[in-house]
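Coordinate inspection notes
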Amino acid sequence: MMKECLLALETSCDETAASVVDLNGRVLSSEVVTQIEAHRVYGGVVPELASRNHIMHMRELCEQALESAGVKLGEVSAFAATSGPGLVSSLLIGSTMAKALALAEDKPYLAINHLEGHLLSPFMGYGGSDEDLGMAIPPHVALIVSGGHTMLLHVKAVGDYQLLGRTRDDAAGEAFDKVGKMLGLPYPGGPEIDKLAVGGDKKAFEFPRSMMEAGNLEFSFSGLKTAVLYHLPKIDLKDAQTLKDVCASFQEAVIEVLVEKALRAAKLCGVLLISVSGGVSCNRRLRERLVERGGQQSVEIKLTQPRYSTDNAAMIGFAAVHRWRAGLRSALETDVSPNLPLVS
């Protein structure tokens, strides 16, 4: 029996990804090729290198995603791709591929906001039936926390989002990576800090909790990053325990702000559900603290499954299914936008 599904592509930064998602939101396949090793020597993502690698892997990943899903190209109902935000040279690879396939197969194309993919990803893989797989997403507060974005939104319905607050400078994931670099840790620094913090004393250093008393839902992590920098000449990072203590103390400062502001937003909006997505949502201490504090205030915490936290095409496909079911389609002339806003 023919499966009704769409093929989604994600190339916003340094992950090349393809996924087949059925029209009820069930992920049939999810293929990802990461470029971490290619960029590690440079200490960050090199846009031209990223786009070259996308070109190298795109066709093979599409074929793998279709094969893993047991779907032939001619059976795909629509094609979707991330259209922004992201690196323009990378975005063009996935969007051009999806448009070409849509044109060749005479099927619809859907341009998807990368942030909406993250926003909806906590609801992927839940539910007991095909009709119930996260398609009915209730009103809630969403915390998106990644290398490029940190923001709080009031989600009233799919496509109806109100921005509550965002970072005024570094995103949380960016702060993790920059501090990791200061400490001499391999790129990306976030996962390395997470590992080392397990054995550290989170109270060893009193790092600032920026904007906690401001009364708003904005974030700022540049001051925290600078505070770590000023501490480095006073300590011995060659001592393993000291390094762990710095990681634990820095991590706790970031997490306390994220958790408390998310709970503050939920109270302000009168909701008892917080969703958390983005690469930083993989952080073990953040997940632990969110569940702990949420339980204390009778607020449900819905966390993205770790495999869908970092950039992937399954979340793009999931967002595309919601738009498909709402009757939305995109023109093939739709251009990519490196600064595409989620909320106008």
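Residues numbered from 1 in each chain as written. Predicted model: local features only at pLDDT ≥ 70, side-chain atom pairs only at ≥ 80, totals over all residues. Heavy atoms only, no water.

Some points on the sheet that holds strand β5 (residues 109-113)
Taking strand neighbours across the sheet as the criterion, the 5 strands line up as β3-β2-β1-β4-β5 in an open arrangement whose pairing is mixed. Among the strands making up the open sheet, the edge pair consists of β3 (27-34) and β5. Pairwise comparison of adjacent strand axes, ignoring direction, gives a mean angle of 20° for this sheet. As paired elements, strand β4 (residues 76-84) and β5 share 5 bridges and run parallel to each other. When the bridges of β5 are listed, A80 appears paired with L110. Across the sheet, helix α10 (residues 313-325) is in contact with β1 (5-10), β2 (15-22), β3, β4 and β5; its angle to β1 comes to roughly 130°. (Pairing = 2+ DSSP bridges. Helix = DSSP H or I, 4+ residues; strand = E, 2+ residues; numbered from the N terminus. Axes fitted to C-alpha atoms, helices over the stretch in contact; angles between N-to-C directions. Contact = heavy atoms within 4.5 Å.)

Focus: the pattern of salt bridges
Here the structure, examined in full by the defined rule, presents 15 salt bridges. Two residues, D170 and K178, come together in a salt bridge whose shortest N-O distance is 3.3 Å. A residue is classified by how much of its surface remains accessible, and K178, at 33% relative accessible area, is partly exposed. With a shortest N-O distance of 2.8 Å, D170 and K225 are connected by a salt bridge. Highlighted residues: D170 in the loop between β8 (160-166) and α5 (172-182) and K225 in helix α7 (residues 222-231), separated in sequence by 55 residues. Judged by its relative accessible area of 7%, D170 falls in the buried class. (Salt bridge = Lys/Arg side-chain N within 4 Å of Asp/Glu carboxyl O. Buried < 20%, exposed > 50% of the residue type's maximum accessible area, 1.4 Å probe, protein only.)

So, α7
Considered for burial, the residues of α7 that qualify are L224, K225, A227 and V228. For α7, the angular spread of buried residues about the axis comes to 155°, placing them on one side. The secondary structure elements touched by the buried residues of α7 are α5 and α8 (240-269). (Arc of directions from axis to C-beta.)

With respect to the sheet that holds strand β6 (residues 140-145)
One open sheet holds the 5 strands; their spatial order is β8-β7-β6-β9-β10, and the pairing between them is mixed. The open sheet terminates on both sides in strands that have one partner only, identified here as β8 and β10 (300-303). Adjacent strand axes in the sheet meet at a mean angle of 25°, parallel and antiparallel pairs treated alike. Pairing analysis gives 4 bridges linking β6 to strand β9 (residues 273-277), with the strands arranged parallel. Looking at β9, one finds that I144 is bridged to S277. Where α8 meets the sheet, it contacts β6, β7 (150-157), β8 and β9, and its direction lies at approximately 155° from that of β6.

Thoughts on α10
Here α10 contains 13 residues, and its C-alpha end-to-end distance of 18 Å stays within 8% of the 18 Å for a straight helix at 1.5 Å per residue. Burial in α10 covers these residues: A313, A314, M315, I316, G317, F318, A319, A320, V321, H322 and W324. Backbone nitrogen of A314 and a side-chain oxygen of the N-cap are separated by 3.1 Å at the start of α10; the cap is N312. Backbone geometry just downstream of α10 places G327 in the positive-phi region, at approximately 85°. (Expected span 1.5 Å × (residues − 1). Polar contact = N/O pair within 3.5 Å; in protein donor to acceptor, adjacent residues only side chain to side chain.)

Details of the packing of α8 against helix α9 (residues 284-296)
Between α8 and α9, the least distance of the axes is 10 Å, while the angle of their chain directions is 35°. Of the two possible hands of crossing, α8 and α9 adopt the one that is right-handed. Touching Q251, E252, I255, L258, V259, E260 and L263 of α8 are R285, L286, R289, L290, R293 and G294, all from α9. Of the residues that constitute the contact of α8 with α9, the class distribution is 6 nonpolar, 2 polar and 5 charged. (Left-handed = near helix turned anticlockwise from the far one by under 90°. Nonpolar A, V, L, I, M, F, W, Y, C, P; charged D, E, K, R; others polar.)

Scope: geometric values only; no functional claims are made or implied.
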